[in-house]
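Secondary and tertiary structure notes
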Amino acid sequence: MKNYKIVFSALLLVFATLVSAQENYKTDKSLVSTEYDYQSSEGVYNVPSFEDVSGKKKPKNIILLIGDGMGVAQVHAAMTANGGQLFMNNFKKVGFSKTHSADKYVTDSAAGGTALSAGKKTNNKAVGIDENGNLIENVREFAEQKGKATGVVSTSAVTHATPASFVAHQPQRSMYEAIAADFLKTDIDVFIGGGLDHFTKREDKRNLKTELEAKDYQVVTSVDELKTANSPKLAALLAPTHMDKMPARGDVLPLATKKAVELLSQNKKGFFLMVEGSQIDWGGHQNNTEYVVRETLDFDKAVGEALAFAAENKNTLVIVTSDHETGGMVINNGSYDDQLVKAHYGTKGHSGIMVPVFAYGPGADNFTGIQDNTDIGNMIFKLLGKK
Ligand code: MG
Ligand code: ZN
């Protein structure tokens, strides 16, 4: 009897180590900042203003950009570090989203992502599955059914909770290999992010890279290959698990956003694209102001790419929001002129506060005021033509 206990404990330890290795971006002490202030020494980027193209028409294309962990403080911190301006300053249709999940006042990214993707509250940790374990349809799947091109872009593994919510249906967000296999069950056109190992180094020995190629996907594993990729079916798996943080990652998120739009917009029926700034959340978990600011500025540049396309195309709705705030970030002082942010934090986890919602283009008026995260998903369904 005792031996069983020892073996069981040993197995449990191995399992716990494997799980925590995936999640160590939250707890890695070597990455935790003890310096909460951040003064940017980068030059500020200038932001053009885009003409308002809202109108009453339904959008042909929808781009949903999710800043994971991005509350109002994170946006304002980035704004301050860039001398007072962001691409996000262009939005005139502004609202707030309540983020609680089915079982918790404070959501995680799985339930938060599922609320935005499927318009339904679910329990923390569940991806595309409701409280009773039923599979729930997401807006990307519905767009696909409508003949539109679809895609997801993230700076985490594409199998991580947020992008997974637009593709997969699994009871636990940590089931990365099952989530990777779910990509093969869809007709998703473009996905760009990290997570190569979940496709190729699998317990079941399947090689999903080969399987994707057999389904006519161009599969690339480097940013250089991504730049020249031109297949309408594209899988770009640019890191074994998650991509580097800023500034080491370079401009891959804005670049991937532009590439995804370029490829998806070739579909005459339009497209749905989800873009995630994944690591704003991880900066928040570490209470690391520089990490938060650099990631939010990078995300803002991806928003800029979406806005530039929408301003020219006039048929594209751009929605920017977040799944939840992370860190309970407070800006207690700063300077636009000196690009300096002085911040404090209330938690190493997520907070329950409302997050901003910004919208631009046809249909944007539907996203103002105080709404639930599920209202956003349901409105996207409606704008895609769901009865
Ligand atoms: Mg995320
Ligand atoms: Zn988080």
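Everything in this summary refers to the structure shown in the same document.

How each quantity is defined
- Residues numbered from 1 in each chain as written.
- Chains lettered and ligands numbered in written order.
- Predicted model: local features only at pLDDT ≥ 70, side-chain atom pairs only at ≥ 80, totals over all residues.
- Heavy atoms only, no water.
- Helix = DSSP H or I, 4+ residues; strand = E, 2+ residues; numbered from the N terminus.
- Contact = heavy atoms within 4.5 Å.
- Polar contact = N/O pair within 3.5 Å; in protein donor to acceptor, adjacent residues only side chain to side chain.
- Pairing = 2+ DSSP bridges.
- Axes fitted to C-alpha atoms, helices over the stretch in contact; angles between N-to-C directions.
- Phe/Tyr/Trp six-rings, centres within 6.5 Å; stacked < 30°, edge-to-face > 60°.
- Buried < 20%, exposed > 50% of the residue type's maximum accessible area, 1.4 Å probe, protein only.
- Donors = N, O, S within 2.8 Å, 3.2 Å for Na, K, Ca; no water.
- Salt bridge = Lys/Arg side-chain N within 4 Å of Asp/Glu carboxyl O.
- Core = buried A, V, L, I, M, F, W, Y, C linked by side-chain atoms within 4.5 Å.
- Parallel < 35°, antiparallel > 145°, perpendicular 65-115°, else oblique.
- Left-handed = near helix turned anticlockwise from the far one by under 90°.
- Tetrahedral: all angles 85-135°; square planar, octahedral: opposite > 155°, others 65-115°.

1. Some details on the environment of Lys-93
Structurally, Lys-93 is set in strand β3 (residues 93–98). If sequence neighbours within four positions are ignored, Lys-93 has contacts with Asp-52, Ser-54, Val-357, Phe-358, Ala-359, Ala-364, Asp-365 and Thr-368. Of the polar contacts made by the side chain of Lys-93, one reaches the side chain of Asp-365; its length is 3.0 Å.

2. Details of the sheet that holds strand β9 (residues 316–321)
One open sheet accounts for 10 strands, arranged β6-β7-β5-β4-β8-β2-β9-β14-β3-β15; its pairing is mixed. The outermost strands of the open sheet, each flanked by one partner alone, are β6 (218–220) and β15 (369–372). In this sheet, neighbouring strand axes are inclined to one another by 15 degrees on average, regardless of whether the strands run parallel or antiparallel. Judged from the six bridges that link them, strand β2 (residues 61–67) and β9 form a sheet pairing that is parallel.

3. Description of the packing of aromatic side chains
Remark: the centre distance and the inter-plane angle together describe each pair of aromatic rings, the angle taken between the planes. Following the criterion strictly, the structure yields 10 aromatic pairs and no others. Summarising the aromatic geometry, the rings of Tyr-36 and Tyr-345 are spaced 5.4 Å apart at their centres and angled 80 degrees between planes, so their arrangement reads as edge-to-face. Residue Tyr-36 is located in the loop between α1 (2–23) and β1 (37–39), and its partner Tyr-345 is located in the loop between β12 (340–344) and β13 (350–351); the two are separated by 309 residues in the primary sequence. Under the relative-accessibility criterion, Tyr-345 is labelled buried at 14%. When the ring of Phe-183 is compared with that of Phe-199, the centres are 5.8 Å apart and the planes differ by 65 degrees; the resulting orientation is edge-to-face.

4. Topic: the pairing of strand β14 (residues 355–360)
With respect to burial, β14 is a largely interior element, six of its six residues being buried. Where β3 lies against β14, five bridges are found, and the strand directions are antiparallel. Looking at β14, one finds that Phe-96 is bridged to Pro-356. Note: β9 against β14, three bridges, orientation antiparallel. From the neighbouring strand, Val-318 faces β14, where its bridge partner is Tyr-360.

5. A closer look at the coordination of the magnesium ion (ligand 1)
Surrounding the magnesium ion (ligand 1) are the protein donor atoms Asp-68 (OD), Thr-162 (OG1) and Glu-276 (OE), at 2.0 to 2.2 Å. Of the residues examined, Thr-162 reaches a relative accessible area of 0% and is grouped as buried. Of the residues examined, Glu-276 reaches a relative accessible area of 1% and is grouped as buried.

6. Looking at the pattern of salt bridges
This structure, assessed with the given rule, holds 19 salt bridges. Across the pair Lys-233 and Asp-187 runs a salt bridge whose closest N-O atoms are separated by 4.0 Å. Residue Lys-233 is found in the loop between α9 (223–228) and β7 (234–237), and its partner Asp-187 is found in the loop between α6 (176–183) and β5 (190–194); the two are separated by 46 residues along the sequence. The class of Asp-187 is partly exposed, set by a relative accessible area of 44%. Here the residues in one salt-bridge network are Glu-42, Glu-290 and Arg-294, joined through shared partners.

7. Digging into the nonpolar core
By size, the foremost hydrophobic cluster in this structure holds 60 residues, and its most contacted members are Leu-65, Met-88 and Val-320. Of all the elements, helix α12 (residues 289–313) adds the most residues to this core, at 10 residues. Met-88 has contacts with Met-70, Val-75, Thr-296, Phe-299, Asp-300, Val-303, Val-320 and Phe-358, leaving out every residue within four places of it along the chain. Core analysis: the second largest hydrophobic core is formed by 45 residues, Leu-64, Phe-191, Ala-235 and Leu-384 among them.

8. Topic: the packing of helix α10 (residues 252–264) against α12
Packed helix pairs are specified by the crossing angle of their axes together with the interaxial distance, meaning the distance between the axes. The geometry of α10 relative to α12 is characterised by a closest axis approach of 8 Å and an angle of 25 degrees between their N-to-C directions. It follows that α10 is roughly parallel to α12 by the angle criterion. In terms of crossing hand, the pair formed by α10 and α12 is right-handed. Of α12, the residues touching α10 (which contributes Leu-253, Pro-254, Thr-257, Lys-258 and Val-261) are Asp-298, Phe-299, Lys-301, Ala-302, Glu-305 and Phe-309.

9. Points about the coordination of the zinc ion (ligand 2)
Tetrahedral coordination by four donors places them ideally at 109.5 degrees to one another around the metal; octahedral coordination by six donors ideally gives 90 or 180 degrees. Around the zinc ion (ligand 2), the protein supplies Asp-281 (OD), Asp-281 (OD), His-285 (NE2) and His-350 (NE2) as donor atoms, at distances of 2.1 to 2.3 Å. With four donor atoms in place around the zinc ion (ligand 2) and angles of 57 to 151 degrees between them, the coordination shape is irregular. Sequence spacing of the donors to the zinc ion (ligand 2): D-x3-H-x64-H. Taken as a pair, His-285 in helix α11 (residues 280–285) and His-350 in strand β13 lie far apart in primary sequence, 65 residues in all.

10. Focus on helix α3 (residues 109–118)
When you tally the buried positions in α3, you get 10 out of 10 residues, the bulk of the element. The set of residues buried in α3 consists of Ser-109, Ala-110, Ala-111, Gly-112, Gly-113, Thr-114, Ala-115, Leu-116, Ser-117 and Ala-118. Buried residues in α3 make contact with β2, α4 (139–145), α5 (161–164), β9, β13 and α13 (373–383). Where α3 begins, one side-chain oxygen reaches toward the backbone nitrogen of Ala-110, 3.3 Å away; that side chain belongs to Asp-108. A positive phi of about 70 degrees marks Gly-119, the residue just after α3.

11. Describing the side chain of Gln-74
Looking at where Gln-74 falls in the secondary structure, it is placed in helix α2 (residues 72–81). On the accessibility criterion, Gln-74 (0% relative accessible area) is buried. Only 2.9 Å separates the side chain of Gln-74 from the side chain of Glu-325, close enough to count as a polar contact. When neighbours within four sequence positions are excluded, Gln-74 is seen to be in contact with Gly-69, Ile-280, Val-292, Thr-296, Glu-325, Thr-326 and Met-329.

The values reported here are purely geometric and, on their own, carry no functional implication.
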